[in-house]
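# Structure at a glance
Read off the chains here:
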Amino acid sequence: MLSLPDQPRTTDAWTDKLYTCTYALPAGSLVLSVKEAPDPAGARAHFDALQRRTASAQPIEGMANLGFPAFQTTAGAVAFVKDNFVLTVDATALPVTLGPHGVTPSALAYEVATAVLACWSDT
């Protein structure tokens, strides 16, 4: 999708039940984070608070019907709730378009988030 010449350098951190992984792309940073809550209700409360304080957050229609409450911003951030976790993908530090196909930060964030969710299994 982005046709990167090499794998991006990553940095990660684990603080206060929040895992963050930052991918240093040539055009800017892509940040994935997962917040672990004590239970699904706690995850939903964290998600709701995050949605309220995120500028231009709009629900992703239909995802809640599949058990994944989600929101997206026009600037390039998405968040999903799964079980007692909240996944956030933040591509807002990237330019208006990326790669040879002109992918938008919003489209990249959504695609990365759905790929993570597709692989996410309870073990």
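Just above sits the structure.
One structure accompanies this document, and this report is about it. (Residues numbered from 1 in each chain as written. Predicted model: local features only at pLDDT ≥ 70, side-chain atom pairs only at ≥ 80, totals over all residues. Heavy atoms only, no water.)

### Here we look at the pairing of strand 1 (residues 9-15)
- Counting buried positions along strand 1 gives zero out of seven residues, so the element sits mostly on the surface.
- Alignment of strand 1 against strand 2 (residues 18-25), held across seven bridges, turns out to be antiparallel. Bridge pairing in strand 2 links Trp14 to Tyr19.
- Counting the residues that bridge the hairpin from strand 1 to strand 2 gives two residues, and of these Asp16 lies at a positive phi of roughly 50°. (Buried < 20%, exposed > 50% of the residue type's maximum accessible area, 1.4 Å probe, protein only. Helix = DSSP H or I, 4+ residues; strand = E, 2+ residues; numbered from the N terminus. Pairing = 2+ DSSP bridges.)

### Section: helix 1 (residues 40-53)
- An ideal rise of 1.5 Å per residue puts 20 Å on 14 residues; helix 1 measures up with 20 Å between its terminal C-alpha atoms.
- Every buried residue belonging to helix 1 is among Ala43, Phe47 and Leu50, and all of these are buried. Buried positions in helix 1, seen along its axis, are confined to an arc of 65° and lie on one side of it. Turned more than 90 degrees off the buried face of helix 1, the exposed positions are Ala41, Arg52 and Arg53.
- Those residues of helix 1 that are buried lie in contact with strand 5 (70-72), strand 6 (77-82) and strand 7 (85-90).
- Its side-chain oxygen at 3.2 Å from the backbone nitrogen of Ala41, Asp39 defines the N-terminal cap of helix 1. (Expected span 1.5 Å × (residues − 1). Arc of directions from axis to C-beta. Contact = heavy atoms within 4.5 Å. Polar contact = N/O pair within 3.5 Å; in protein donor to acceptor, adjacent residues only side chain to side chain.)

### As for helix 2 (residues 105-119)
- In this model helix 2 runs 21 Å from its N-terminal to its C-terminal C-alpha over 15 residues, within 8% of the 21 Å that 1.5 Å per residue would give.
- Among all positions in helix 2, only Pro105, Ser106, Leu108, Ala109, Val112, Ala113 and Leu117 are buried. One side of helix 2 holds all its buried residues, which, seen down the axis, span an arc of 165°. Away from its buried face, by an angle of more than 90 degrees, helix 2 presents the exposed residues Ala118 and Cys119.

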